[in-house]
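# A structural walkthrough
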Amino acid sequence: MSNANSLEQLEQKQDFIRRHIGPDAAQTQEMLNDIGVESVDALINEIVPADIRLADLPAIEESKTEVQALADLKAVANLNKVNDTYIGLGYFGTLTPNVILRNVLENPGWYTAYTPYQPEIAQGRLESLLNYQQMCIDLTGLDLASASLLDEGTAAAEAMALAKRVSKNKKSNLFFVADDVYPQTIDLVKQRADMFGFDLVIAPAADAVNHDVFGALLQYPGATGEITDIKGLIKDLQAKKGVVAVAADIMSLVMLKSPGELGADAVIGSTQRFGVPMGYGGPHAAFFTTSDKHKRSLPGRIIGVSKDTRGNAALRMAMQTREQHIRREKANSNICTAQVLLANMAAFYAVYHGPEGLKVIANRIHRLADILAAGTTAKGLTPVNSTFFDTLTFDLSSQGKNKDEVVARALANNANLRTDVDGQVAISLDETTTRDDINTLFNILLGEGHGLDVDELDAQIVANGSTSIPAELVRESEFLTHPVFNSYHSETEMLRYIKKLENKDLALNHSMISLGSCTMKLNATAQMIPVSWPEFANMHPFAPVDQAVGYKKMIDELGDWLVELTGYDNISMQPNSGAQGEYAGLIAIHKYHESRGDSHRNICLIPSSAHGTNPASAQMVGMKVVVVDCDKQGNVDMDDLRAKATEMADNLSCIMITYPSTHGVYETTIAEICNIVHDNGGQVYLDGANMNAQVGLTSPGHIGADVSHLNLHKTFAIPHGGGGPGMGPIGVKAHLAPFLPDHALINVNEETAGNGAVSAAPYGSAGILCISYLYVALLGKKGVTDATKYAITNANYLAHKLGQHYPILYSGANGRVAHECIIDLRPIKAETGVTEVDMAKRLMDYGFHAPTMSFPVAGTFMIEPTESESKVELDRFIEAMVSIRNEVTKVGSGEWAADNNPLHNAPHTLADITDTWDRPYSIAQAVFPVPAAAANKFWPTVNRIDDVYGDRNLICSCPAVDTYKD
Ligand SMILES: *Cc1c(COP(=O)(O)O)cnc(C)c1O
C-alpha cells in the first residue's frame with residue numbers, strides 16, 4: 001500500500017483518533033449491520049434532532065500526533081518560570097516520594113478507577129482512604145474524618161455550614177472569621193456566607209467572644225505564621241454555644257498540640273504538602289475532621305468499616321443514604337467528585353514516612369525557620385511573629401527596609417516571597433528548602449555581606465534550644481501509631497504495599513466500566529504525562545502572573561476551544577468539580593438577576609430525573625427547588641413545566657436541566673423548554689455532564705442555554721482517580737460573564753475583578769488542565785466529533801443487543817438511545833426476586849464493574865460504554881449480561897433456590913472456593929461463568945458487604961491495634 005500513498009496520507013493513517021476510538025472500521029460495520037443502519041452518520045441523523053444540529057465541524061485545530069502534541073505543549077510549559085516558592089498560604093513545595101509518583105499518580109491502576117460505589121472490587125483504595133482518615137484524625141486530634149474535600153477554602157465554607165447545622169445558638173445568624181485566616185479562604189467564605197444569607201465578621205481572633213455567633217473560624221498557625229494558644233478562646237466561644245472550626249496546617253500538627261486537644265469542634269485544611277505537587281493550585285485533597293457527635297453532619301464521603309457475608313472486616317462508603325441522591329436539597333453539601341487520588345497520595349506519604357519520618361521532616365523545616373529567624377534578628381530585622389512553625393512575617397517598612405528592593409532581590413534570586421500585605425513580606429519554608437536556600441534568603445532580606453553562617457546558627461539553636469513553639473503548644477500526644485504507618489518504610493515494602501492495594505481494585509486497565517453519566521473513557525497516557533512535568537507541577541497558584549505565562553497560554557487556549565465546543569461566549573476555569581460548577585453557575589444567575597433589580601427571583605425548577613447535586617447546589621445559593629415532573633418516556637412533562645413556569649413567573653430564577661436527559665434521550669422539546677423558561681424571566685442552567693453526547697454535533701449555547709458546567713473528568717478525559725480529582729469549568733453567554741468567579745489574590749479577568757471565588761485557587765485544579773488540553777489537541781475538530789458519534793454508536797449497539805434480553809426503559813422518538821441506555825431490572829425482581837444489587841455483584845464474577853445502579857430510576861442499570869470501548873469489549877460485556885439473564889431464568893424456574901444461587905451469593909471469592917463447597921452450582925460456574933471471565937479473572941477480595949451493619953456500627957478509622965495481633 002505504501003507506494004500508492006503520499007507521505008501526507010501515510011501520516012494521516014497514524015493519527016491519534018484511531019487510538020482513542022475503540023471500534024475500527026470493520027467492527028463499526030458489524031455493529032451498524034446489527035443495529036440495522038447504513039452508516040454512523042445515518043445513525044446520528046436519526047438520533048440527534050435536526051433543529052439542534054450544528055452545520056459545520058467546530059472551529060478548532062486538526063488532530064495532532066502524540067509526538068507533536070507533547071512537543072508543542074512542552075514549548076508552552078517552558079514559558080513557565082518555576083521559582084523557589086516561599087509564598088505559603090496553604091501551598092508548599094513538597095517532595096513526592098518517587099515510589100508514590102510512579103506507582104500511584106502515574107499509574108492507571110490508581111488513576112482510572114471510579115468512586116468506590118462497588119466496594120467489593122475497591123478494597124484497595126478504600127483501605128488507603130481509611131488510612132487517610134486515620135492520619136487526619138490523629139494529626140488533628142478529633143474523632144472522625146471524611147475522605148477528602150476539594151480544597152482548604154471550600155472545606156472552611158463547609159465548616160461554616162456545619163456550624164450552622166449543629167450550633168445550639170439557633171437565633172444567631174453570625175459567623176466569625178479571624179483576620180489571620182488565609183486571604184483566599186476568607187474570600188471564599190465571604191461569598192458562601194452571602195449566598196446562605198449569613199452575616200460575617202472578620203476581625204482579630206480574640207475579638208470573637210465579643211459577638212453572638214453560631215460559629216467561628218480560626219487559623220492555626222495564623223497566616224503570619226504566629227502560633228497562638230486558642231484553647232481559652234475556643235472554650236469561651238463554646239460556652240456561648242458557638243461551634244469552633246480551626247483551619248490547620250497539617251505539617252505543623254506533627255509538632256504542635258492538635259486543635260482537637262485545644263477543644264476545636266472541627267478542623268479543616270489541606271494535605272497538599274504531604275507529597276502532592278502544587279500544580280498551580282491543585283488538585284489536592286482537603287481534610288475535614290469533627291467530633292463524634294457531629295458525624296451525621298459531616299460533609300463529603302466517609303469510608304467506614306463493615307463486614308462481609310463471611311463476617312470478615314470489609315470497607316465501604318458509610319452513610320451513603322446521606323448522599324445528594326437521597327437527600328437532594330437537604331444534603332449536607334453538594335460535594336460529589338472529591339480528591340481521592342490525592343488523598344491516597346497523602347496517605348501513602350504518611351505510610352511511607354511514618355510518624356518518625358514525619359517528625360524528622362517537620363523538625364527540619366522548623367529548624368530552618370529558627371535559623372532564618374535567629375539570623376535576621378541578629379542583624380536587626382526581627383520577624384513580626386515571635387512564635388512560628390515554618391512561616392516568618394517581616395514588616396519591612398517599620399524596620400527601615402525598602403520592600404521593593406527586597407522583592408527585587410528575591411526575584412533576582414529566582415525566589416517568590418509572600419508580598420500581598422502592604423509593607424510586609426512573609427516567608428514559608430518547606431521540606432524542599434535547603435541550607436543554601438536559607439543563605440540566599442539572608443541575602444535577599446539583608447543584602448549580601450551579612451556574614452551569617454547557617455551551620456553556626458544551627459549549632460547555637462541546638463545548644464540553647466528553641467522557644468518559637470510555645471511550650472504549652474508543643475505536641476506531646478502520639479500519632480500514627482497504627483501498624484500501617486509503621487511497616488512500610490523501605491522502598492521494597494512500600495512498592496509492594498501499593499501494589500497489594502492496587503490489585504484489589506478494578507479500574508479501566510482491567511475492563512470496561514460502563515457507569516452511566518460518568519463517561520469512563522480512555523485517559524490516554526500521553527495526556528497524563530505533562531501532569532508531572534515540573535514546569536506544571538511545581539508552580540504556586542499565587543506566583544506572579546508573569547512567571548505563569550505557559551499556564552496562562554494553556555488555560556486560554558483550552559478556554560477558547562471549550563467556548564467553541566459549548567457555543568458559549570466565556571468560560572471560567574475556577575470550579576474544581578461539576579458540583580462546584582453548578583454552584584458557580586447559579587451564583588452567576590443570581591447576580592445577573594440582582595443586577596437587574598430582580599433579586600427576588602429565587603425559584604429553581606429541576607426535573608425529577610436530575611442528578612442529586614443539582615438540588616443540593618440550588619440550596620447552597622438560597623434558591624427554592626420546585627420539581628418538574630417527567631412523563632412516562634422520561635421526558636420533561638411539558639404541561640407541568642409550562643404551568644409551573646407561568647405560575648411562578650414573577651419569582652422564577654432558572655431551570656436546571658440535563659441534556660441529553662439523564663434518561664439517555666435527546667428530548668426534542670429542549671429548545672421549547674429554553675423558550676418557556678426565558679419567556680417567564682428565567683435563565684437556563686444546562687448540566688453539561690452529558691456533553692459527551694453533544695461535542696461537535698450540537699452545543700448548549702446553540703440549543704439556547706445560558707450557562708453550563710463541563711465535567712472535564714467525564715467528557716474531556718481527566719481520569720476519575722478513584723473518586724476525584726475533577727474539573728468543572730463553566731461556560732456562559734455574554735450577559736452572565738460579568739458574574740463569573742474571580743480571586744482575591746490573582747485577578748482572573750478585568751471584567752470580573754472583585755467578584756468572589758468558588759475555589760481556593762484562581763484556576764481551580766489547574767495542574768490537570770493539560771489532560772483536557774491534550775485531549776482536544778490530539779483529537780482535533782474531527783476527532784472530538786467522531787468521539788461523540790462513536791459514543792452514540794456504541795450505546796446503540798449495546799441497547800440493540802441487550803434489548804433482546806432486557807427491556808430498554810427509554811428511547812427517543814425513533815426507538816434509539818443517546819450515548820447511554822437504561823435497562824429495566826424491576827420486572828426481573830418482581831418475577832424472580834433477583835435484585836439489581838445481585839446482578840451488580842454478579843458482574844464482578846465476570847470481571848466487570850456494574851453500570852450505574854438505580855440512578856436516575858430505582859431498580860435499573862444505566863449503561864454508558866463511551867467511544868473508547870472496542871466491539872470486542874462490548875461483546876464481552878453483552879455476553880456477561882446475557883449469561884446473567886440466563887442465570888436469572890434458572891432462579892425464576894426454581895432450578896436454583898432463591899437464597900442459594902450464583903446471583904444471591906455473588907461476588908465469589910477465593911475464600912468461597914477453598915471452603916467446603918456444597919452449593920447447587922459448580923465452582924467453575926461460580927468463578928469462571930464464561931471463558932472470557934476465566935481468561936482475565938478478577939478476584940473480588942471480600943464477599944458481599946453488609947451496608948446496614950456498617951451504618952449501625954459506624955467505624956471510620958483503622959481497626960484498633962490489637963486486632964492486628966490475632
Ligand atoms: C457527575 C455529574 C454531576 C456532578 O459532577 P461532579 O464532578 O461529580 O461534582 C452533576 N450532574 C450530572 C448529571 C452528573 O453526571
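Along every chain, residues carry numbers that run from 1 in the direction the sequence is written. Per-residue local features are limited, in this predicted model, to residues with pLDDT of at least 70; the limit for side-chain atom pairs, both in listing and counting, is 80 or more; totals at the level of whole chains, interfaces and linings are taken over all residues. Processing note: side-chain calculations cover all non-hydrogen atoms of the structure and skip hydrogens and water entirely.

Looking at an unreviewed UniProt entry, one finds the protein named Glycine dehydrogenase (decarboxylating), with Pseudoalteromonas denitrificans DSM 6059 as its source organism. UniProt positions are given in the numbering used here, feature names are shortened, and annotations may be inferred rather than shown by experiment. For the record of the protein, the UniProt heading Subunit (unreviewed entry) holds the text "The glycine cleavage system is composed of four proteins: P, T, L and H." According to the UniProt record, the Function (unreviewed entry) comment for the protein is "The glycine cleavage system catalyzes the degradation of glycine. The P protein binds the alpha-amino group of glycine through its pyridoxal phosphate cofactor; CO(2) is released and the remaining methylamine moiety is then transferred to the lipoamide cofactor of the H protein."

### Considerations on the UniProt feature "domain: Glycine dehydrogenase C-terminal" (unreviewed entry) in the protein
If you check UniProt for "domain: Glycine dehydrogenase C-terminal" (unreviewed entry), the listed places come out as residues 787–908 in our numbering. Taken end to end, residues 787–908 has its terminal C-alpha atoms 36 Å apart, with 45% of it in helix and 8% in strand. A run of H or I in DSSP becomes a helix once it reaches four residues, and a run of E becomes a strand once it reaches two; helices and strands are each numbered from the N terminus.

### Here we look at the sheet that holds strand 23 (residues 860–863)
The criterion for strand pairing is that DSSP finds at least two bridges linking the strands in question. In spatial order, the strands read 21-23-22; together these three strands make up an open sheet with antiparallel pairing. Two strands in the sheet have a free side with no partner beyond their single neighbour: strand 21 (821–824) and strand 22 (852–853). Relative to strand 23, strand 21 runs antiparallel, the two being bridged by four bridges. Along strand 23, the bridge assignment pairs I822 with M862.

### Topic: the pairing of strand 17 (residues 652–658)
Each regular strand displays side chains that alternate between the two surfaces of the sheet. Partly exposed describes any residue whose relative accessible area lies between the buried limit of under 20% and the exposed limit of over 50%, with all areas from a 1.4 Å probe on protein chains only and scaled to the type maximum. Most of strand 17 is tucked away: seven of the seven residues are buried. Two elements, strand 15 (residues 603–607) and strand 17, share three bridges in a ladder whose sense is parallel. The partner of C604 across the bridge, within strand 17, is C654. In this structure, strand 17 lies alongside strand 18 (residues 683–687), joined through five bridges in parallel fashion. Bridging across to strand 18, T658 finds its partner in D687.

### Structural notes on the packing of helix 4 (residues 40–47) against helix 26 (residues 769–802)
Convention adopted: a line fitted to C-alpha atoms gives each axis, helices being fitted over their contacting stretch, and angles between N-to-C directions are expressed from 0 to 180 degrees. Where helix 4 meets helix 26, the closest approach of the two axes is 10 Å, and the angle between their N-to-C directions is 85°. It follows from the interaxial angle that helix 4 and helix 26 lie roughly perpendicular. Here V40, D41, L43, I44 and I47 of helix 4 lie close against helix 26, whose contacting residues are K789, Y790, I792, T793 and N796. Only Asp, Glu, Lys and Arg are considered charged in this grouping, and only Ala, Val, Leu, Ile, Met, Phe, Trp, Tyr, Cys and Pro are considered nonpolar; every other residue, Gly among them, is considered polar. Looking at the contact of helix 4 with helix 26 residue by residue, the class counts come to six nonpolar, two polar and two charged. Roughly parallel means an angle under 35 degrees; roughly antiparallel means over 145; roughly perpendicular covers 65 to 115; every other angle is labelled oblique. Contacts are assigned to residue pairs that have any heavy atoms within 4.5 Å of one another.

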